[in-house]
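These are the residues of each chain, in order.
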Amino acid sequence: MPLRLTHVGPGVHRLSSLYTNWYLLEAGGRLTVLDAGLPRDWREFHSALSRLGYSPADIDAVLITHHHRDHAGNAERLRSSGARVLAHHADAPYLRGEKHLSDRGVVRYLWRPWYAWYILGYVAKGITRTPPLAQLDEFDDGEVVDVAGSPRVIHAPGHTAGSCALFLEGGSLLFTGDALVTLDVARGPRGRQGPQVVRGPHTADAELAVQSLEALVGTNARTVLPGHGEPWTDGISSAVEKARRS
Ligand SMILES: [Zn+2]
Ligand SMILES: [Zn+2]
């Protein structure tokens, strides 16, 4: 499946590969990348950048919403081409390769053919080859990160302990990572669409994820741009209302 580039707002682009979204922010000729896709997206990412008139050297920073490998695939590569990489401190040890997630939950799910198929797709995209980060900076809840676009960090733990959303006040855009998604592919043969928290084997604490939705409502964002699924343009409050009932 090719990497798709979609324009989602002034200076904001969505990159979609398989079932994972990552995003590109342009400000003053510099770029910030929110999440880092899958390792085998690299070549197409490079050509998507050139279509926009940029190269990897124009990327100042990569902000990672959480440590899962489908969100960090190209982070080390972008770091070695000059970008700073940042994530919440609770997820940093995983991204640095100091801690490892148990695959037990995933293995227990694999007997479902549709789930095995979905995992195979990610393996083909290089998910198991996501390299650890040799250097990683940390951000904290409430921080406005001093990078192109100036996103504000909203800590929303549950999916992982360090899961964060990133808020662009100017455009009223909220990048929710996996704290709130509009597609969960682990929820049946066709996945489950609509605003929801991620459940199943990839979430550490779904109840905490539901509690963390309140922090997202506080942004009052108009557009929600999740790590999986289509954008939600009807405001964060209605997305959270649906996610609480999911
Ligand atoms: Zn995740
Ligand atoms: Zn994810």
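Here is a short report on the structure shown in this document. Values in this document were obtained by computation on a predicted structure and should not be read as measured data. (Residues numbered from 1 in each chain as written. Chains lettered and ligands numbered in written order. Predicted model: local features only at pLDDT ≥ 70, side-chain atom pairs only at ≥ 80, totals over all residues.)

## A few points about the overall build of the protein
Point 1. Helices and strands together make up the secondary structure of the protein, namely seven helices and 13 strands.
Point 2. In terms of overall dimensions, the protein has C-alpha extents of about 45 × 35 × 30 Å along its principal axes.
Point 3. Relative to its 246 residues, the protein shows a buried fraction of 47%. (Helix = DSSP H or I, 4+ residues; strand = E, 2+ residues; numbered from the N terminus. Buried ≥ 20, exposed ≤ 12 C-beta atoms within 10 Å, placed from the backbone.)

## Re the nonpolar core
Point 1. Val62, Ala165, Leu174 and Leu216 are the most contacted members of the largest nonpolar core, which totals 63 residues.
Point 2. At five residues, strand 9 (residues 164-168) tops the list of elements feeding residues into this core.
Point 3. Ignoring sequence-local partners within four residues, the contact set of Val62 consists of Val33, Ala36, Ala75, Leu78, Ala83 and Val85. (Core = buried A, V, L, I, M, F, W, Y, C linked by C-beta atoms within 7 Å. Contact = placed C-beta atoms within 7 Å.)

## Some details on the sheet that holds strand 5 (residues 59-63)
Point 1. Read from one edge to the other, the open sheet built from seven strands follows the order 1-2-3-4-5-6-7, with strand pairing classed as mixed. Strand pairing shows two members of the sheet lacking a second neighbour, strand 1 (4-9) and strand 7 (137-139), which therefore form its edges. Ignoring which end each strand starts from, the neighbouring axes of this sheet average 25 degrees apart. (Pairing = 2+ DSSP bridges. Axes fitted to C-alpha atoms, helices over the stretch in contact; angles between N-to-C directions.)

Remember that the coordinates give geometry; whether it matters functionally is a separate question.
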